[in-house]
Amino acid sequence: MTPLQALLAFIALCLLCLLLPLLPLLRTLWRGTPRPAPPEQQAEASERVEEFRRMVHEQFAHLLHLARDSGPIRGANENGRPFIVLGISNHLAELLPPGSRRLRSLVLAAGHLDIPGELICDRELFAEGRINVAHNALIKSALSQRDIAIGRRARVTRWVRTERRLDVAEGGQLKGWASAAMEIALARRARFEQLRAPRIVFGRLPEDARRPRQPDTVARFDPPLRRNGQPGNGRNLTVPAGHTVKADLLVSGKLVVGDGCRIIGDLRADKSIVIGRDVVIEGAAYADGPISIGPGCLINGPVYSRSEVQLGAASEIGSSTHLSTLVADTLLISEGCIAHGSVWALHHGEVLDERSPPA
Amino acid sequence: MNTAEPTIQVIATTTAPPPRSLFQRYRHLLQGRIAQFVLALVIAGGLSFLFWRILPLLYRFWDHSLTALLGALPLADAQLVTINITIPAWSDLETAAIGLPLAPPDLAMLSIHLGAAACLYLCAGKLHAPFRSPLRLLAVFHALCVLGSFALPEGGLYSIEEHTRSLSIFSQGLLLFLPAVMALTHFIVERSNERRILATVLIAAYLIVTLPVKLAAHALLIQTASSLAMPTLFLVFGPAFDIFVVTALYAWAVTWRHGQG
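Residues numbered from 1 in each chain as written. Chains lettered and ligands numbered in written order. Predicted model: local features only at pLDDT ≥ 70, side-chain atom pairs only at ≥ 80, totals over all residues. Heavy atoms only, no water.

**Student:** Which residues make up the overall build of chain B, and what are the values?
**Tutor:** Within chain B one finds nine helices and two strands. Element order for chain B, N to C, with α for helix and β for strand: α-α-β-β-α-α-α-α-α-α-α. Across the 261 residues that make up chain B, the buried fraction comes to 38%. A fraction of 74% describes how many contacts in chain B between residues 6 or more apart in sequence connect residues 24 or more apart. Surface exposure of chain B reaches about 14400 Å², of which carbon and sulfur atoms provide 69%. (Helix = DSSP H or I, 4+ residues; strand = E, 2+ residues; numbered from the N terminus. Buried < 20%, exposed > 50% of the residue type's maximum accessible area, 1.4 Å probe, protein only. Contact = heavy atoms within 4.5 Å. Areas by Shrake-Rupley, 256 points an atom, 1.4 Å probe, with all protein chains shown as cover.)

Take a look at the structure:
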């Protein structure tokens, strides 16, 4: 080997040594399209619930019938995944080994199902009766034909569906999708992401929940029109307190609605919307920035914010006859609020604890 | 609107004992994981002991590799020297270094280095923010070191033997402390003992194999660019580069368990 060849070989060796640690980086850079989401995330949550319900009826209906008479049944399906089928009078805690912290079995119950505290359930839960999830437990998914109660600081990580009522105690967390055929009730400091029910109650309702009566006659407020015939009502707009507006309010800046106003129309602001106390809005509210809704407000239409929505105490979104939608990146809801329809917190949703307001 | 009755009721019944105190909870956690913790400590200690025990073998490997590399490369008058490590606990050990007589840098070499530093400073201005300032700092550092080295009567801050010996000692120290570093970082994330050992051994193997190549490359570059390049070389391709390499390999190893999903 000539000196030149040795030098070239040595340079190649040095380059190899330099590039070797960076090979994983090249793998990352050359990765083309992002990985497809797992099938569980691709499907809609409601479809997953229906699929699970179908699976229970097709594969476990006979076992549930047997368990009613013969007691608990343990087994595994054709894929080797274990399951536990409980009868009406069986308790899951009796089947778990002492000190058990994790349950990797699918659990189905012909009657009520009690999940012990601090237990981690890796698989779905199904009960023909009520499901009680005790404190600090963590469950993946739950489906019940009756009520579901989530205990203090217990967590649901995927979805939960009940044919009647869902109760979430103080500090409970609902990550993912939660749906109830009748009502969802969340205590203070409960966290949520996607809720769907005809009636969703946040925290304790106030003692006197009757909405203050609107004055019979209020002054009418005509919003100014933008010059040059352009649509909208200018940059910033403030509706004085106690006025009625029969128009859509469209501003490019901040929109402020005073106390006791009644808006018959939609609100749209490019920046933020601030709504005072006891305001009635017969329309939608849409803002790119935060929306602050004062206490005692009633909004019939959907509320949408790309940022944050703060809902004051005893406010109501939608009605029992007209379901609505509340969507925001962050939802901070005071106690005593009621929503009808869907509530989606894309990033963070929480029922505020009014006893200890943030400093 | 609803009636005045409160709607929220905590209905979840508890079949488990009441919540335990924080101390009890941590004690329970430790009881479940004490075996894993001890096993991780044993792995880290065992690997450190293994690397310490095979250090004489590694010296022989590095000596032979460096002898072969110096014989093949156009390094005039370069010779392998063994120098005692000045660290008290390791004073009996002799690490490999490269002895290379260098002529003092002349004015032409000084101009070339200063010109290169100026070019680097100006070219860095064309780059985006994350790269601009470090390259400008490097150019300033190189210019200052070149001027300082040239002003010294010996023609350099230190000799090439000391330069290569420092590189060698740092790589050996990194090799011996690697299991402890991995135990504090990688072992927390990775639960498979086989992967823990494999990742540590792979990074150690990289350090072992590349050390003679690195020393020879430094000697070749210093012979080409004179002793004025030694401080900048030490800064860019010395210990900082070793830490960068270990970090890159650690980041790769830490994604093994997630890459399977």
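Following the structure, the description resumes.
**Student:** Residue-level account of the overall build of chain A, with values.
**Tutor:** Secondary structure summary: chain A contains six helices and 31 strands in total. Counting across all 359 residues of chain A, residues that qualify as buried make up 50%. Residue pairs at least 24 apart in sequence account for 19% of intrachain contacts in chain A once pairs closer than 6 positions are excluded.

**Student:** Describe the side chain of Asp114 of chain A, with residues and values.
**Tutor:** Here Asp114 of chain A is to be found in strand β5 (residues 113-115). Among buried Asp, Glu, Lys and Arg side chains, Asp114 of chain A stands out as unpaired, with Arg130 of chain A the closest opposite charge at 6.6 Å. (Lys, Arg positive; Asp, Glu negative; His and termini not counted. Salt bridge = Lys/Arg side-chain N within 4 Å of Asp/Glu carboxyl O.)

**Student:** Quick one: what's the story with helix α4 (residues 129-151) of chain B, residue by residue and with numbers?
**Tutor:** All names here are of chain B. In a regular helix each residue adds 1.5 Å, so 23 residues correspond to 33 Å; α4 covers 34 Å between its end C-alpha atoms and thus fits that length. Here α4 has its buried residues at Leu138, Ala139, His142, Ala143, Cys145, Val146 and Ser149. Its buried side turned inward, α4 meets α3 (107-124) and α7 (230-237). (Expected span 1.5 Å × (residues − 1).)

**Student:** Give a detailed account of the pattern of salt bridges, specifying residues and quantitative values.
**Tutor:** All names here are of chain A. For the structure on display, the rule yields 25 salt bridges over all chains. Arg189 serves as the salt-bridge partner of Glu170, at 2.8 Å between the closest nitrogen and oxygen. Here Glu170 is found in the loop between β11 (165-168) and β12 (173-180), whereas its partner Arg189 is found in the loop between β13 (183-186) and β14 (191-202), with 19 residues between them in sequence. Residue classification places Arg189 among the partly exposed residues on the basis of a relative accessible area of 39%. Each of Glu170, Arg188, Arg189, Glu335 and Asp353 takes part in salt bridges that share partners, so that together they form one network.

**Student:** Hey, could you go over the pairing of β13 of chain A for me, with residue numbers and the actual values?
**Tutor:** When a strand is regular, its side chains alternate between the sheet's two faces. All names here are of chain A. Neither face of β13 is left uncovered, since the one carrying Glu183 and Ala185 and the one carrying Ile184 and Leu186 both have all their residues buried. Strand direction decides the pairing type here: β11 and β13, joined by four bridges, are parallel. Bridge pairing in β13 places Val168 opposite Leu186. Bridging between β13 and β14 involves four bridges; their strand directions are parallel. The residue bridging Ala185 from the neighbouring strand is Val201, located in β14. (Pairing = 2+ DSSP bridges.)

**Student:** Which residues make up the packing of helix α5 (residues 160-189) of chain B against helix α8 (residues 239-254) of chain B, and what values do they have?
**Tutor:** Packed helices, taken two at a time, are described by the angle between their axes plus the distance between the axes. Residue and element names in this part refer to chain B. Between α5 and α8, whose axes approach to 11 Å, the crossing angle comes to 30 degrees. The orientation of α5 with respect to α8, classified from their angle, is roughly parallel. The interaxial crossing formed by α5 with α8 has right-handed handedness. Residue-level contacts link Leu167, Phe170, Ser171, Leu174, Leu178, Met182, Thr185, His186 and Val189 of α5 to Pro239, Asp242, Ile243, Val246, Tyr250, Ala253 and Val254 of α8. Partitioning the contact of α5 with α8 into residue classes produces 12 nonpolar, three polar and one charged. (Axes fitted to C-alpha atoms, helices over the stretch in contact; angles between N-to-C directions. Parallel < 35°, antiparallel > 145°, perpendicular 65-115°, else oblique. Left-handed = near helix turned anticlockwise from the far one by under 90°. Nonpolar A, V, L, I, M, F, W, Y, C, P; charged D, E, K, R; others polar.)

**Student:** Mind laying out the pairing of strand β19 (residues 254-257) of chain A, listing which residues take part and the relevant values?
**Tutor:** Residue and element names in this part refer to chain A. Burial of the side chains of β19 is restricted to one face: Leu255 and Val257 are buried, whereas none of Lys254 and Val256 on the reverse face is. Looking at chain direction, strand β16 (residues 237-239) and β19 are connected through three bridges and run parallel. Along β19, the bridge assignment pairs Val239 with Val257.

**Student:** An account of the side chain of Ser141 of chain A is needed here, citing residue identities and associated values.
**Tutor:** Residues and elements named next belong to chain A. Mapped onto the fold, Ser141 is located in strand β8 (residues 138-144). The class of Ser141 is buried, set by a relative accessible area of 1%. For Ser141, the side chain forms a polar contact with the side chain of Trp159, separated by 3.3 Å. (Polar contact = N/O pair within 3.5 Å; in protein donor to acceptor, adjacent residues only side chain to side chain.)

**Student:** I'd like a rundown of the environment of Glu50 of chain A, residues and numbers included.
**Tutor:** Residues and elements named next belong to chain A. Here Glu50 is to be found in helix α4 (residues 45-59). Exposure remark for Glu50: the relative accessible area of 40% places this residue in the partly exposed category. Sequence separation between Glu50 and Leu143 is 93 residues; the distance between their C-alpha atoms is 9.9 Å.

**Student:** Account for the nonpolar core, with residues named and values stated.
**Tutor:** Ranked by size, the top nonpolar core spans 71 residues in total, and within it Leu174, Leu186, Phe192 and Phe202 of chain A carry the most contacts. Both domains that furnish three or more residues to this core are identified here as domain 1 (47-181) and domain 2 (219-351) of chain A. Phe202 of chain A has contacts with Leu186, Phe192, Leu195, Ile333, Ser334, Glu335, Gly336, Cys337, Ile338, Ala339, Val343 and Val351 of chain A, leaving out every residue within four places of it along the chain. Membership of the second largest hydrophobic core comes to 51 residues, among which are Ile43, Leu73, Leu211 and Leu220 of chain B. (Core = buried A, V, L, I, M, F, W, Y, C linked by side-chain atoms within 4.5 Å. Domains from an automatic or database assignment.)

**Student:** So what's going on with the packing of aromatic side chains? Residues and values would help.
**Tutor:** The full count for this structure, using the stated rule, is seven aromatic pairs over all chains. Ring geometry for Phe60 of chain A versus Phe83 of chain A: centroids 5.0 Å apart, planes at 80 degrees, classification edge-to-face. Within this pair, whereas Phe60 of chain A is found in the loop between α4 and α5 (61-70), its partner Phe83 of chain A is found in strand β2 (residues 82-86), the two being separated by 23 residues in sequence. Just as Phe60 of chain A is buried, Phe83 of chain A falls in that class too. One aromatic cluster in this structure is built from Phe237, Phe241 and Phe244 of chain B. Over the ring of Tyr121 of chain B we find Arg136 of chain B, and its NZ or CZ is 5.1 Å from the ring centre. (Phe/Tyr/Trp six-rings, centres within 6.5 Å; stacked < 30°, edge-to-face > 60°. Lys NZ or Arg CZ within 6 Å of the ring centre and 35° of its normal.)

**Student:** Summarise a nonpolar patch on the surface; cite the residues concerned and give the values.
**Tutor:** Judged by side-chain polarity, Ile34, Phe37, Val38, Leu39, Leu41 and Val42 of chain B come together as a nonpolar surface patch covering roughly 560 Å² of accessible area. For Val42 of chain B, the location among the structural elements is in helix α1 (residues 22-53). (Patch = residues over 30% accessible without salt bridge, like charges linked within 9 Å, V, L, I, M, F, W, Y side chains within 5 Å.)

**Student:** Go over unusual backbone geometry, please, and point to the residues and values.
**Tutor:** Although it is not a glycine, Asn136 of chain A adopts a positive phi angle of roughly 65 degrees. In this structure, Ser226 of chain B takes a positive phi of about 70 degrees despite not being glycine. Here Ser226 of chain B shows up in the loop between α6 (193-225) and α7.

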